[in-house]
Amino acid sequence: MDRVGIIGYGHMGSMLVNGFLSSGVLGIDEIMVASKRQESMDACAAAWPGIGIARTNRELARQCRLIIITVRPQETRGVLNEIASVMDGDEHVVSLAAGISLEDLEGLFSGSVTRVVPTATSAVGQGTTLVCHGRQVGMLDALRAEGLFSSIGNVALVDEVNLPAATLLSSCGPGLLAAIIEELAGATARASGLEAGRALALTTEMAAATAAYLRETGKTPGDLVEEVATGGGVTEAGVQRLRERLPGVFDGTVAAMLERYGTVGK
Ligand SMILES: NC(=O)c1ccc[n+]([C@@H]2O[C@H](COP(=O)([O-])OP(=O)(O)OC[C@H]3O[C@@H](n4cnc5c(N)ncnc54)[C@H](OP(=O)(O)O)[C@@H]3O)[C@@H](O)[C@H]2O)c1
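Residues numbered from 1 in each chain as written. Predicted model: local features only at pLDDT ≥ 70, side-chain atom pairs only at ≥ 80, totals over all residues. Heavy atoms only, no water.

**With respect to the overall build of the protein chain**
Turning to step 1, where the next piece is worked out: Counting secondary structure elements, the protein chain contains 11 helices and eight strands.
Turning to step 2, where the next piece is worked out: Referenced to the eigenvectors of the C-alpha coordinate spread, the extents of the protein chain come out at roughly 70 × 40 × 30 Å.
Turning to step 3, where the next piece is worked out: Taking all 266 residues of the protein chain together, the buried fraction comes to 38%.
Turning to step 4, where the next piece is worked out: At a minimum sequence separation of 6, the contacts of the protein chain that also span at least 24 residues come to 60%.
Turning to step 5, where the next piece is worked out: Accessible surface, the protein chain: about 14500 Å² in total, of which carbon and sulfur atoms supply 57%.
Turning to step 6, where the next piece is worked out: A gap of 5 Å separates the mean positions of the 21 positive and 30 negative side-chain charges of the protein chain. (Helix = DSSP H or I, 4+ residues; strand = E, 2+ residues; numbered from the N terminus. Buried < 20%, exposed > 50% of the residue type's maximum accessible area, 1.4 Å probe, protein only. Contact = heavy atoms within 4.5 Å. Areas by Shrake-Rupley, 256 points an atom, 1.4 Å probe, with all protein chains shown as cover. Lys, Arg positive; Asp, Glu negative; His and termini not counted. Charge placed at Lys NZ, Arg CZ, Asp CG, Glu CD.)

**Quick look at the site of the ligand**
Turning to step 1, where the next piece is worked out: Not every one of the 22 residues close to the ligand is listed here, only the nearest: M12, S35, R37, S40 and V71.
Turning to step 2, where the next piece is worked out: Take S35: an N or O atom from its side chain is 2.8 Å from an oxygen atom of the ligand.
Turning to step 3, where the next piece is worked out: Here V71 contributes a backbone N or O atom positioned 2.9 Å from an oxygen atom of the ligand.
Turning to step 4, where the next piece is worked out: Protein contacts shield 81% of the accessible area of the ligand, which totals 900 Å² for the unbound molecule. (Near = heavy atom within 4 Å. Polar contact = N/O pair within 3.5 Å; in protein donor to acceptor, adjacent residues only side chain to side chain.)

**Some words on the pattern of salt bridges**
Turning to step 1, where the next piece is worked out: Under the defined criterion, the tally for this structure stands at nine salt bridges.
Turning to step 2, where the next piece is worked out: Of the charged contacts, one joins D104 and R77 as a salt bridge, the two residues approaching to 3.4 Å between their closest N and O atoms. Here D104 is found in helix 5 (residues 102-106), whereas its partner R77 is found in helix 4 (residues 73-84), with 27 residues between them in sequence.
Turning to step 3, where the next piece is worked out: The exposure class of D104 is partly exposed, given its relative accessible area of 33%.
Turning to step 4, where the next piece is worked out: Between E227 and K219 there is a salt bridge, with its nearest N and O atoms 2.5 Å apart.
Turning to step 5, where the next piece is worked out: On the basis of relative accessibility, which here comes to 30%, the residue K219 falls in the partly exposed class. (Salt bridge = Lys/Arg side-chain N within 4 Å of Asp/Glu carboxyl O.)

**Some thoughts on the nonpolar core**
As a rule of thumb, nonpolar side chains are buried together in soluble globular proteins.
Turning to step 1, where the next piece is worked out: Core analysis: the biggest nonpolar cluster contains 28 residues, and L60, I67, I69, L80, I83 and M87 have the highest contact counts within it.
Turning to step 2, where the next piece is worked out: Looking at this core, the elements with two or more residues in it are strand 2 (31-34), helix 3 (57-63), strand 4 (64-69), helix 4, helix 5, strand 6 (112-117), strand 7 (128-133) and helix 7 (163-170).
Turning to step 3, where the next piece is worked out: Setting aside residues up to four positions removed in sequence, I69 forms contacts with I7, T76, V79, L80, I83, V93, V94, S95 and L96.
Turning to step 4, where the next piece is worked out: In terms of nonpolar packing, the next biggest core, distinct from the first, is built from 22 residues, L16, L26, V33 and C44 among them. (Core = buried A, V, L, I, M, F, W, Y, C linked by side-chain atoms within 4.5 Å.)

**Here's the deal with the sheet that holds strand 7**
The strands making up a sheet are joined through hydrogen bonds of the backbone, oriented either antiparallel or parallel.
Turning to step 1, where the next piece is worked out: Judged by pairing direction, the sheet is mixed, and its eight strands sit side by side in the order 3-2-1-4-5-6-7-8 without closing on themselves. Where the open sheet ends on each side, the last strands, each with one partner, are strand 3 (52-53) and strand 8 (154-157).
Turning to step 2, where the next piece is worked out: Sheet topology places strand 1 (residues 3-7) next to strand 2; four bridges connect them, and they run parallel. Bridge pairing in strand 2 places I7 opposite A34.
Turning to step 3, where the next piece is worked out: The strands that helix 4 touches are strand 1, strand 4 and strand 5 (92-95); relative to strand 4, the one it contacts most, it runs at about 160°. (Pairing = 2+ DSSP bridges. Axes fitted to C-alpha atoms, helices over the stretch in contact; angles between N-to-C directions.)

**So, the packing of helix 8 (residues 173-192) against helix 9 (residues 196-217)**
Turning to step 1, where the next piece is worked out: With their axes 8 Å apart at the nearest point, helix 8 and helix 9 run at an angle of 135° to one another. Relative to helix 9, the element helix 8 is oriented oblique. Between helix 8 and helix 9 lies a crossing of right-handed hand. Side by side, helix 8 and helix 9 meet where I181, E182, L184, A185 and A189 of the first sit next to A196, A199, L200, T203, T204, M206 and A207 of the second.
Turning to step 2, where the next piece is worked out: Its residues assigned to classes, the contact of helix 8 with helix 9 comprises nine nonpolar, two polar and one charged. (Parallel < 35°, antiparallel > 145°, perpendicular 65-115°, else oblique. Left-handed = near helix turned anticlockwise from the far one by under 90°. Nonpolar A, V, L, I, M, F, W, Y, C, P; charged D, E, K, R; others polar.)

**Topic: the packing of helix 7 against helix 8**
Turning to step 1, where the next piece is worked out: For the pair helix 7 and helix 8, interaxial distance at closest approach is 5 Å and the crossing angle is 40°. Considered as vectors, helix 7 and helix 8 are oriented oblique to each other. Packed against helix 7, whose contacting residues are L168, L169 and S170, the element helix 8 presents G173, P174 and L176 at the interface.
Turning to step 2, where the next piece is worked out: Here the contact of helix 7 with helix 8 is composed, by residue class, of four nonpolar, two polar and no charged.

Right, dumping it as structure tokens:
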């Protein structure tokens, strides 16, 4: 049987199962899930009646050629070691683990390996999944994996050397932007008396509209600043202040994140 196996039913595992089944890219009999705790497997079976649930990771690995491992980075080596003995080398393993290189993964079993960096925004069909294939991945396997992930958003092929920086933007980015939205809304509410929930709703809608405007017009952020920040106006006062302070804040933010990335999964 050639089902797609998903090991781990946490945030990412459940998001992928929901996305693949809701989009119709996979049917209910084309997917199989294994997770550590019985409660997680019960939750999966309740959400998707009829879905294949494997009692163990090995049982899943025996029945699936494409195996997507969605456990935490520190658990990924253990899971691969566990299933390696029942695999015949023809499998294609997709690892979501940050910080575990293709070379490390290829050393753990004899099949082909792809690294994928998902993004939480795929839950609403938006955002970019990063894909980095190992040298042993054949064209059909590569296309199959890319097709699956393109059912839940955009797919970008990335060289492994660029994966940390791209991850920071496409996968960590939603968390960064959410924090910025929260701070802008909070500061406005504190300074003005505008109700906090209202401020947050206005800011969230503004962020989505700004991204849509840039994407649809093809204008750069600089173009938009010029359009909105008229000389001597309110926006200009804000932009000026941000431009004095933000470069230092973001240089420090990126440096801290890249440093942490280097320690994940070690
Ligand atoms: N969250 C994000 O936005 C994001 C973005 C990019 C990449 N990632 C990557 O995606 C991976 C998963 O992240 P997550 O946020 O989904 O983590 P998570 O919510 O903690 O889910 C991990 C799941 O792995 C399962 N698990 C642990 N050990 C297992 C084992 N030995 N066998 C089978 N299942 C096992 C756990 O299952 P039980 O519930 O059954 O215990 C848990 O539900 C990580 O490698 C992370 O780096 C996440």
